[in-house]
Amino acid sequence: MSINETSAATGAAVNADLTRPAFVTDALLRDLVSRVQAGGERAPWRLTEVYTGKLLVELPQSTPADIERAFAEARAAQQEWAAWPVKKRLDVFKRAHTLLLDNAQNIADLIQVESGKNRRMAIEETCDPPMVIGHYLKRAAKLLAPKKHAGPVPLVSSSTEVRVPKGVVGIIAPWNFPFATGLSDAIPALIAGNGIVLKPDNKTALSPLYGISLLEQAGLPKGLFQVVCGEGPDVGPTLIDNANYVMFTGSTATGRVIGERAGKNLVAACLELGGKNPMIVLDDVDVEEWVAGTLFGVFGNTGQICMHIERIYLPDSRYDELKAAFVKATEALAIGATYDFGPQLGSLISVDHRERVQAHVEDAVAKGATVVTGGHPLPDKGPAFFAPTILEGVTTEMTCGVIETFGPVVALHRYRTIDEAIALANDTDYGLNASVWSTDYARADAVAARIDSGNVNINDALATAYASKGTPSGGVKTSGVGARHGDQGLLKYTDVKNVATLKKQVMGARPGQDYDEYVDGMLKGLKFMRRLGIR
Ligand code: NAD
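Here is what the cut-offs are and how they apply
Residues numbered from 1 in each chain as written. Predicted model: local features only at pLDDT ≥ 70, side-chain atom pairs only at ≥ 80, totals over all residues. Heavy atoms only, no water. Salt bridge = Lys/Arg side-chain N within 4 Å of Asp/Glu carboxyl O. Buried < 20%, exposed > 50% of the residue type's maximum accessible area, 1.4 Å probe, protein only. Helix = DSSP H or I, 4+ residues; strand = E, 2+ residues; numbered from the N terminus. Phe/Tyr/Trp six-rings, centres within 6.5 Å; stacked < 30°, edge-to-face > 60°. Domains from an automatic or database assignment. Pairing = 2+ DSSP bridges. Axes fitted to C-alpha atoms, helices over the stretch in contact; angles between N-to-C directions. Contact = heavy atoms within 4.5 Å.

### Notes on the pattern of salt bridges
The tally for this structure, following the rule as stated, stands at 24 salt bridges. Between E125 and K117 there is a salt bridge; the shortest N-O distance is 2.6 Å. Taken individually, E125 and K117 each receive the classification buried, so the pair is uniform in this respect. Between D185 and R484 there is a salt bridge, with its nearest N and O atoms 2.8 Å apart. Of this pair, D185 sits in the loop between α8 (178-183) and α9 (186-191) while R484 is found in the loop between β17 (480-481) and α20 (488-491), placing the two residues 299 residues apart along the sequence. Residue D185 is classed as buried on the basis of its relative accessible area, which comes to 3%. Accessibility expressed as a relative area gives 6% for R484, which makes it buried. Sharing partners across several salt bridges, the network here consists of K87, D91 and K94.

Here's what the structure looks like:
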């Protein structure tokens, strides 16, 4: 059975009385999926409500010809869009900022029905694109303005760095933050003058489709932001082969496939991939602050956050106290399938994913790990619910000791020296995120400096780094290539054109000049300009 069929089959009995949010009408769903570039040649995907397994809508699937048409239409619209002054493009995003926030509850409805996450997390997710817009509204005009640089010969030469859009950017997004990854990476690309062809995950295409409709209400030209749908291996090759830049968020395994294909085409790609993120707790930590931050860091989005914490290293001197406080708080978490702000924890994305998470736990237990709490599905809550789980005794012989689990599962480890904790934290192929806790910032900074990771959060698990939109955020090692946010989060979507002007032919030997004399003068000139600080 496919994921689709499994969740539909097993979910029918559970939450049968749950009423889906009033905003999510059949008419809205039909309108949203009509935006997918698909001619109807392929059988549609059955997009289901995660809490119940009920069909929401049949999602059209795109053929290679559909994808090529999407690129052609995006390219035609992009030619005009790129000719707009930056200020006019930014005006669209000023209006979009307001529209996205005014519609946050509706967006959260769609995120929840398609992903099964709890509402608290869904509403947080709606804030990401407005935050990205807010940052680039301040920064983009400066970044995209031509920059004049000195030429090789003072006074008579100059060079201008001109930023031109790449063209049409192909974006491939995962299901865990479908609205954020569908829109937030597109926003700087659009601001820079590009068109977009987005491939969301089939399971979670609704919220990005709705977000794009809001961008169009804000004035984004129709056709500029295209959506194609399908299974990754069906859509990926044509999408990558037509894109001028590829922005991918997803697993490390898929990232390798995408990076390889983009590389063959000599097209740049930004790859935001998985993690096995460690947390190191120092012995002076404030237990209440730590528990509050760690609950979210481990179980937020039901553990389906690329930057969430899967390994916690606790000091031997406080191990029992910290463990007891964390277990108690974990067992008190409110879990459930509702469309209100009650539950602290929602569902996993699918029955297949729940089975994968469970397999990680079972493998660990079979190899000697202990379940401190949780470790099992919660079928009375919904087809894909899994209990928040704390393990002890996890080793690198176990799947969940080395491979990302991507669920509500964390392993506690005891350390005796900071050197040992840092060595254990770094003993991974991943390098996406890490967390350090201490009331002494200098100590925490010293530990952060020694962790091999693209992000390190001090006294927080993940949100502080991710929400700091002015700083680039990406993974190292097998967690990624490139970054989003910050100046490079926009500039990566541009090519540089170096327009250089020479007002008089002064470079090279004059006609008839002795070449030794010319070389001597040139070398002396370079030394002189260095002394003057010109070169
Ligand atoms: P995934 O790699 O299976 O799928 C991601 C997207 O790629 C989906 O749209 C999928 O359809 C598509 N895809 C799959 N195979 C493809 C192929 N051969 N060619 C083209 N596209 C293909 O990942 P997932 O399970 O959907 O998402 C979870 C993963 O994403 C986790 O590993 C998580 O850590 C990672 N993630 C990373 C970040 C980050 O910023 N680093 C953010 C969110 C999620």
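### What about the packing of aromatic side chains?
How two aromatic rings sit relative to each other is given by the distance of their centres and the angle of their planes. Across all of its chains, the model carries nine aromatic pairs by this definition. An angle of 45° between the planes, with centres 5.3 Å apart, marks the rings of Y51 and Y339 as tilted. Linking Y51 in the loop between β1 (45-48) and β2 (55-59) with Y339 in the loop between α14 (319-331) and α15 (351-366), this pair joins segments that are 288 residues apart in sequence. The residues Y51 and Y339 share a single accessibility class, namely buried. Measuring from ring centre to ring centre gives 4.9 Å for W81 and W84, while their planes differ by 55°; the resulting arrangement is tilted. W81 gets classed as buried once you look at its relative accessible area, which sits at 0%.

### Details of the domain arrangement of the protein chain
Domain boundaries in the protein chain define domain 1 (63-273), domain 2 (277-469) and domain 3 (505-532). Relative placement of domain 2 and domain 3: their C-alpha centres are 64 Å apart.

### Some remarks on the pairing of strand β3 (residues 147-150)
Sheet topology places β3 next to strand β4 (residues 157-165); four bridges connect them, and they run antiparallel. Pairing of K147 across the sheet is with E161, part of β4. Remark: six residues form the turn of the hairpin made by β3 and β4, two consecutive strands paired antiparallel; L155 in that turn has positive phi of roughly 70°.

### Considerations on the sheet that holds strand β15 (residues 433-437)
Spatially, seven strands are ordered β12-β13-β14-β11-β10-β15-β16 in an open sheet, and the strand pairing comes out mixed. Only two strands of the sheet have a single neighbouring strand rather than two, namely β12 (370-373) and β16 (455-458). Each strand of the sheet is rotated relative to its neighbour by a mean of 25°, with strand direction disregarded. Its contacts with the sheet place α15 against β12, β13 (389-392) and β14 (409-415), and it is angled at close to 25° to β13. Strands β10 (277-281), β15 and β16 of the sheet are contacted by helix α18 (residues 441-449), whose axis makes an angle of about 165° with β16.

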